[in-house]
Amino acid sequence: MKAENEQRTGLLYGFGAYGMWGLVPLFWPLLMPAGAVEILAHRMTWSLAVVGVALLAVRRWSWIGELLRRPRKLALTALAASVISVNWGLYIWSVNNGHVVESSLGYFINPLVSIAMGVLVLGERLRRAQWVAVGISFLAVLVLAVGYGRPPWISLVLACSFATYGLIKKKLNMGGLESLAAETALLFLPALGYLIWLGARGQSTFAAQGTGHALLLAATGLVTAVPLVFFGAAAIRVPLSTLGLLQYMAPVFQFGLGVLYFHEAMPPERWAGFSLVWAALAVLTWDALRTARRSRARLEAAPAPAPAPAREPA
């Protein structure tokens, strides 16, 4: 009963995390007329403040000394921070410049890019269904390139940057709260320096647009940290296969907002390209569920280990 309650709680956290990520395109336009780089700098700055409060609450500080004593791990953290900055900045720019649908495509194809990176970087071997999914997704990109009249660069950069970020995080093997704290701490001074420079030039919107605008910019810290905390809570309570299915919620919401709320154009060739992406994801999901089911069946069929023989009394 306790396990069922834990899994139900984990699902609620998962829906909360991916639901917030899916609805975040509604938030970034509220921060205009601030530009994407200014919003990104505020996101970095205020995220550290929110994460710092969270770390104070849980009193978890021992990881800092360990990180500082390991230059390679610190360098990987700096690389992760740089990569996620590219991802965050491009996503904010794309939403505020009418590319919500194209940015949602980036997160649809992200699992497929992660698989490709596993093969190219980690030397992983793919199952037949995974090869089929990757092939379909490659065809989808070609169709979308014809539809857009150019390669879908926003989608590809978002997908590749987030997949690279995931690969680095895999090597770092740090907790979600700790890694976000380390990354934002490394980004804090450059971000704050940029905001001070922007203010000195009279180009900052933080004070110029009123209290409401300033509070919205400060809220970027919560918008960044809260879904990550929910995601961390879900990850320890639900199976990885379930979490993998939940991740499609965010781009589905983003795509729906792009088409229905922002009224972005979807000519037939884009529908064709997106349909191919969804077909690739359907193949990938089917293969993941089948593999998980087979693994579970093998574990259940395996004979129980023989009990250790009782020791004779001395």
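Residues numbered from 1 in each chain as written. Predicted model: local features only at pLDDT ≥ 70, side-chain atom pairs only at ≥ 80, totals over all residues. Heavy atoms only, no water.

K.L.:
Quick question: what am I supposed to make of the packing of aromatic side chains here?
P.N.:
Here a ring pair, both rings aromatic, is described through the centre-centre distance and the interplanar angle of the planes. Evaluation of the coordinates by the stated rule reveals 18 aromatic pairs. For the ring pair Tyr-18 and Phe-231, a centre distance of 6.1 Å and an interplane angle of 90° mean the geometry is edge-to-face. With Tyr-18 in helix 1 (residues 2–23) and Phe-231 in helix 10 (residues 220–235), this pair connects stretches of sequence that are 213 residues apart. Look at Tyr-18 and you get buried, because its relative accessible area is 9%. (Phe/Tyr/Trp six-rings, centres within 6.5 Å; stacked < 30°, edge-to-face > 60°. Helix = DSSP H or I, 4+ residues; strand = E, 2+ residues; numbered from the N terminus. Buried < 20%, exposed > 50% of the residue type's maximum accessible area, 1.4 Å probe, protein only.)

K.L.:
I would appreciate a short explanation of the environment of Leu-23 in the present structure.
P.N.:
Position of Leu-23 among the secondary structure elements: in helix 1. We classify Leu-23 as partly exposed; its relative accessible area is 42%. Residues Leu-23 and Leu-67 lie 44 residues apart in sequence; the distance between their C-alpha atoms is 34 Å. Excluding its chain neighbours within four sequence positions, the residues that come into contact with Leu-23 are Phe-253 and Leu-257. (Contact = heavy atoms within 4.5 Å.)

K.L.:
Before we go on, may I ask you to explain the nonpolar core in this structure?
P.N.:
Note that soluble globular proteins tend to have their nonpolar side chains buried in a common cluster. Judged by nonpolar contacts, the single largest core of 25 residues is most densely connected at Val-51, Leu-55, Trp-63, Ile-168 and Leu-172. A per-element tally of this core places helix 8 (residues 176–200) first, with seven residues. Membership of the second largest hydrophobic core comes to 24 residues, among which are Leu-126, Ala-140, Leu-144 and Val-277. (Core = buried A, V, L, I, M, F, W, Y, C linked by side-chain atoms within 4.5 Å.)

K.L.:
Help me out: how do you make sense of a nonpolar patch on the surface in this one?
P.N.:
On the surface, a nonpolar cluster with roughly 450 Å² of combined accessible area is contributed by Leu-23, Leu-26, Val-252, Phe-253 and Tyr-261. Looking at the nonpolar patch element by element, the count peaks at three residues for helix 12 (residues 249–261). By secondary structure assignment, the location of Val-252 is in helix 12. Overall, Val-252 belongs to the partly exposed group, its relative accessible area being 44%. (Patch = residues over 30% accessible without salt bridge, like charges linked within 9 Å, V, L, I, M, F, W, Y side chains within 5 Å. Areas by Shrake-Rupley, 256 points an atom, 1.4 Å probe, with all protein chains shown as cover. Salt bridge = Lys/Arg side-chain N within 4 Å of Asp/Glu carboxyl O.)

K.L.:
I'm lost on helix 8 in this one. Help?
P.N.:
It helps to recall that an α-helix has 3.6 residues per turn; residues three or four apart then point in one direction. Taking 1.5 Å of rise per residue, the 25 residues of helix 8 would be expected to cover 36 Å, and the 35 Å separating its terminal C-alpha atoms lies within 8% of that figure. The largest bend in helix 8 amounts to roughly 40° and is located at Phe-188, with the proline Pro-190 lying one to four residues further along. Of the positions making up helix 8, those classed as buried are Leu-177, Glu-178, Ser-179, Leu-180, Ala-181, Ala-182, Glu-183, Thr-184, Leu-187, Ala-191, Leu-195 and Leu-198. As for helix 8, its buried residues are in contact with helix 2 (36–58), helix 3 (62–68), helix 4 (71–96), helix 7 (153–172) and helix 10. Just downstream of helix 8 lies Gly-202, where phi reads positive at about 75°. (Expected span 1.5 Å × (residues − 1). Bend = angle between axes of the 7 residues up to and from the residue.)

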